[in-house]
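Chain residues, written in single-letter form:
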Amino acid sequence: MSALEKLFEPEVSHRFLATFFFKGLPSPMDFRFQRISGLGKGELGVIVQRQGGVNTDNLYFPEHISRPPLVLERGVIVPTPLTLAFEYVLGGFDTTYLDVVIMLLNHQSLPVCTWTVTDALPVKWQTGDLDANSNAPLINHIELVYRDIQWLGAKA
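Just so you know, these numbers come straight off a predicted model, no measurement behind them.

K.L.:
I would appreciate a short explanation of a nonpolar patch on the surface in the present structure.
P.N.:
The grouping of L44, V46, V48, Y60 and I65 at the surface amounts to a nonpolar patch, some 480 Å² of accessible area in total. Secondary structure elements with two or more residues in the nonpolar patch: β4 (43–50) and β5 (58–66). Per element, the largest residue contribution to the nonpolar patch is three residues, and it comes from β4.

K.L.:
Before we go on, may I ask you to explain the packing of aromatic side chains in this structure?
P.N.:
Pairs of aromatic rings are described using the distance from one ring centre to the other and the angle between the two planes. The final tally for this structure, using the stated rule, is two aromatic pairs. Between F20 and F33 the ring centres are 5.8 Å apart and the planes differ by 50°, which places this aromatic pair in the tilted class. With F20 in strand β1 (residues 16–22) and F33 in the loop between β2 (25–26) and β3 (35–37), this pair connects stretches of sequence that are 13 residues apart. One exposure class covers both F20 and F33, and it is buried. Seen in terms of ring centroids, F86 and W125 are 6.0 Å apart; in terms of plane orientation they differ by 70°. Their pairing is edge-to-face. With F86 in helix α2 (residues 81–92) and W125 in strand β8 (residues 111–127), this pair connects stretches of sequence that are 39 residues apart.

Each value, and the rule that gives it
Residues numbered from 1 in each chain as written. Predicted model: local features only at pLDDT ≥ 70, side-chain atom pairs only at ≥ 80, totals over all residues. Heavy atoms only, no water. Patch = residues over 30% accessible without salt bridge, like charges linked within 9 Å, V, L, I, M, F, W, Y side chains within 5 Å. Areas by Shrake-Rupley, 256 points an atom, 1.4 Å probe, with all protein chains shown as cover. Salt bridge = Lys/Arg side-chain N within 4 Å of Asp/Glu carboxyl O. Helix = DSSP H or I, 4+ residues; strand = E, 2+ residues; numbered from the N terminus. Phe/Tyr/Trp six-rings, centres within 6.5 Å; stacked < 30°, edge-to-face > 60°. Buried < 20%, exposed > 50% of the residue type's maximum accessible area, 1.4 Å probe, protein only.

Rendered as structure tokens:
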């Protein structure tokens, strides 16, 4: 395979790393997750305005941007700065914003692309079911809403 063909070959989605920043400092414990979803710029909501006398044409005006929540899943572990931030927000209704950097890695563990999430607010924390008949890890589902997400892509 030529170098040009490799440039356009998609990367697999199972090598990734998430880093949380609290007041500008990275958390040394919050980086391993089983699944991350909700990465995207969102959806532009529009107002449709019909033109007078013309039944076939509409005008579209931007109204707002809605973004999906960022959802991260991982096994239940000892308390970390991220779980403490969730406890602070959901337990006391105090706001704590954080930043998140998510990197997709290639087979050599080099970043292929990066998502930077700014001003993320913890909004939901749910633990999976306790099941005596299962040998699967207990999973925490955590959800954040955010002000902005930026994507930077580069093929290594």
